[in-house]
Amino acid sequence: MATIQQVPSGRWEVVVEAGRGDDGRRRQYRRRFATRREATAGAAHLELEAADATAASRVGPTVADHCARWLEGRRGNLAERTYDSYECVFRNHVAADPLGTIPIAGLTPEALRAWMRRVADKPGRGGGRLSQQTLLHYYRYLGAALNAAVDWGLLATNPLRHVETPKVRHDPSKIKAWTVDEIRRFMATLAASTTHNAPIWRAAFGLILSTGMRLGEAAGLMWRDVDLDDHTLRIVRTRSNGRSGTSPTKTLGSDRTIKLSGEAIGFLTELREIQARDAVFLGPAWTDTGFVVVFPDGNPPRPDTFTRRAQRASEAADVPYIGTQGLRHTFATLALIGGVSPHAVTAALGHHDVAFTLRTYAHLLPGMHSEAMNAIGNLIFGPPATENVTRSVT
C-alpha cells in the first residue's frame, strides 16, 4: 500500500513498503512528484515496480554464489596473489556475512551500506578497526563482481555506485627513503660483514637499489631474464611468501625491460661469480634452480628472508630501517632528484602512468618544485639579470 505525503520542499513523496529484505531491514521504494495529483497517479506505477522487484529478489543466485562464479571465471586472468586476495575477501566478508545470502537481483544500496558498516567494525591487524585503505579494497573487489552482474543481465545497474566510496587520506610520511650517505653506510656494512652469505645480500640489495625492482620481482628474477651483453633484464615474474615457484607479475604493466647501469651489471656479475664458486665447491650437492639470488646450495631464499636480512643490515649500519619497499622508494627518489626523466623512472618502476609516480614521490622532492618554477620563469621572462639595476622612482 502506498502512502503519499508532502515533504518540506513542497513536493509530494510516494512511499511503498515492500516488507523486509533477507538482511532484516525494511525495504522501501520512494519517488517524489511536483503535485499531489501526479503523486496519486504515480503511486500505482510505483506499487507495480515494487512488486516486480520483490518477486525478482526471490529468484536467481545469491551475492555469494555470484561472487564465487565470477571469481572462478577470472582465474588465470588475475595474478595468483591478486586472485587469493579476492577469494579471501569474498570468503570471509561476503559469504560469511548476511550480505552473501541476499539474492543478487534484490540487492539494494541500503543492504550494501549495512555491509560496509559491519565490515568497518571488524578488527584489523593492530587490534583497532580495519583501515580505510582495506575498506576501499573490499569496496572495489565487490564493485568489480557487481559490474559483471550488470554485464550478465542479473542487475540493471550496480547498486554499489550509490554507496559512498571509502575515503583514504594518503600519509606521505609513510614513504621512506634513504639519503646517499645512508645507502653508502648500508652497503659498506654488508661489504665488511663476516656474517653468513653477506656477499650475496650485498649484491642482491645493490641490485634492487640500482634498478627499483619490487621485492617479489628480485626474488623471482632468473638468469634467463638477464642479458648482460645487452645491459638489460626483463621483469616477467614474481615470488610470494608461502609459495613454491613463481607467478606472473601483479599487472600487465609490471612486465617490463630495465636498462642496466654499470653498477647493476656489477652486482649481477658478483652474484653469477658467487654461484659459480658455490657450484664448484658443492659439486652434485649444488642445485641449478636458475634464480639470480640463491643460497650457496642453489635454492632461492623466500621473499621474507630478504626483509629480515635488510632489517638486520640496517641495524648494523645504524641507518633507519625502511623495508625492502623503501629500497625501491630510494631508487625512485634519487633518480628524480638526479634529473632522470619521470617517464624513465615510471618505466623502470613499472607504474601505470607518470602521474602516479609524481604523486607518490612529489612530497620528497621539494627542491624540484622550486627549480621547475624558476625554469618556467626563465622561459617566459628570460634569465635573471647578472648585474644590479638601479631603478629611479618618480
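A brief structural summary.

What counts and how
Every chain begins its residue count from 1, and numbering advances along the sequence as written. Two thresholds apply to this predicted model, a pLDDT of at least 70 for residue-level local features and 80 or more for giving and counting side-chain atom pairs, whereas whole-chain, interface and lining totals are computed over all residues. Side-chain measures were taken over the full set of non-hydrogen atoms in the model, leaving aside hydrogen atoms and water. Strands here are runs of E lasting at least two residues and helices are runs of H or I lasting at least four, both read from the DSSP assignment and numbered beginning at the N terminus. A 1.4 Å probe rolled over the protein chains alone gives each residue an accessible area, and that area as a share of the maximum for its type sets the label: buried under 20%, exposed over 50%, partly exposed in between. Any two residues having at least one pair of non-hydrogen atoms within 4.5 Å are treated as being in contact. Contacts described as polar in this section are N or O atom pairs within 3.5 Å, which, within protein, must combine one atom able to donate a hydrogen with one able to accept it, while residues neighboring in sequence count only if both atoms come from side chains. Pairing between two strands requires that DSSP report at least two bridges joining them. Picture the helix axis, draw a direction to every C-beta atom, and the arc is the one those directions span. Aromatic contacts are taken between Phe, Tyr and Trp rings whose centres are within 6.5 Å, Trp giving its six-membered ring; a plane angle under 30 degrees counts as stacked, one over 60 as edge-to-face, and the others as tilted. For a Lys NZ or an Arg CZ to count as sitting over a ring, it must be within 6 Å of the ring centre and within 35 degrees of the ring normal.

Quick look at the environment of Asn158 now. Following the sequence through the fold, Asn158 ends up in the loop between helix 5 (132–151) and helix 6 (180–192). On the basis of relative accessible area, Asn158 is assigned to the buried category, the value being 4%. Considered as a pair, Asn158 and Asn147 are 11 residues apart in the sequence and their alpha carbons are 6.0 Å apart. With near-sequence residues (within four places) excluded, Asn158 lies in contact with Gly143, Leu146, Asn147 and Val150. A distance of 3.4 Å separates a polar atom in the side chain of Asn158 from the backbone oxygen of Gly143.

For the rest of this paragraph, the subject is the sheet that holds strand 5 (residues 232–235). Strand order in the open sheet made by the 3 strands is 4-5-8, with antiparallel pairing throughout. Of all the strands in the sheet, just strand 4 (226–227) and strand 8 (256–259) have a single pairing partner and so form its edges. Sheet topology places strand 4 next to strand 5; 2 bridges connect them, and they run antiparallel. Bridge pairing links Val226 to Leu233 in strand 5.

The next thing to look at is helix 13 (residues 354–361). All of the buried residues along helix 13 are Val354, Thr357, Thr360 and Tyr361. Each buried residue of helix 13 sits inside an arc of 130 degrees when the element is viewed along its axis, so together they form one side. Along its buried surface, helix 13 packs onto helix 11 (323–337) and helix 12 (342–349). N-capping of helix 13 is provided by Asp353, with a side-chain oxygen placed 3.3 Å from the backbone N of Ala355.

The subject of this paragraph is the side chain of Arg256. In this fold, Arg256 is placed in strand 8. Taking relative accessible area as the criterion, Arg256 reaches 8% and is therefore assigned buried. At 2.7 Å, the side chain of Arg256 forms a polar contact with the side chain of Glu217. Apart from the residues lying within four places of it in its own chain, the contact partners of Arg256 are Gly212, Met213, Arg214, Glu217, Leu233, Arg234, Ile235, Arg328, Ala347, Ala348, Leu349 and Gly350.

Our next topic: the packing of aromatic side chains. Tallied over the full model, the rule gives 9 aromatic pairs. Look at Trp178 and Phe186: their rings are 4.7 Å apart centre to centre, the planes differ by 45 degrees, and that puts the pair in the tilted class. The same class applies to Trp178 and to Phe186, which are both buried. Three or more aromatic residues joined by ring pairs form one cluster here, namely Trp178, Phe186, Trp201, Phe205, Phe295 and Phe306. In this structure, Arg239 is placed above the aromatic ring of Phe291, and the distance from its NZ or CZ to the ring centre is 5.5 Å. Between the NZ or CZ atom of Arg272 and the centre of the ring of Trp223, over which it lies, the distance is 4.3 Å.

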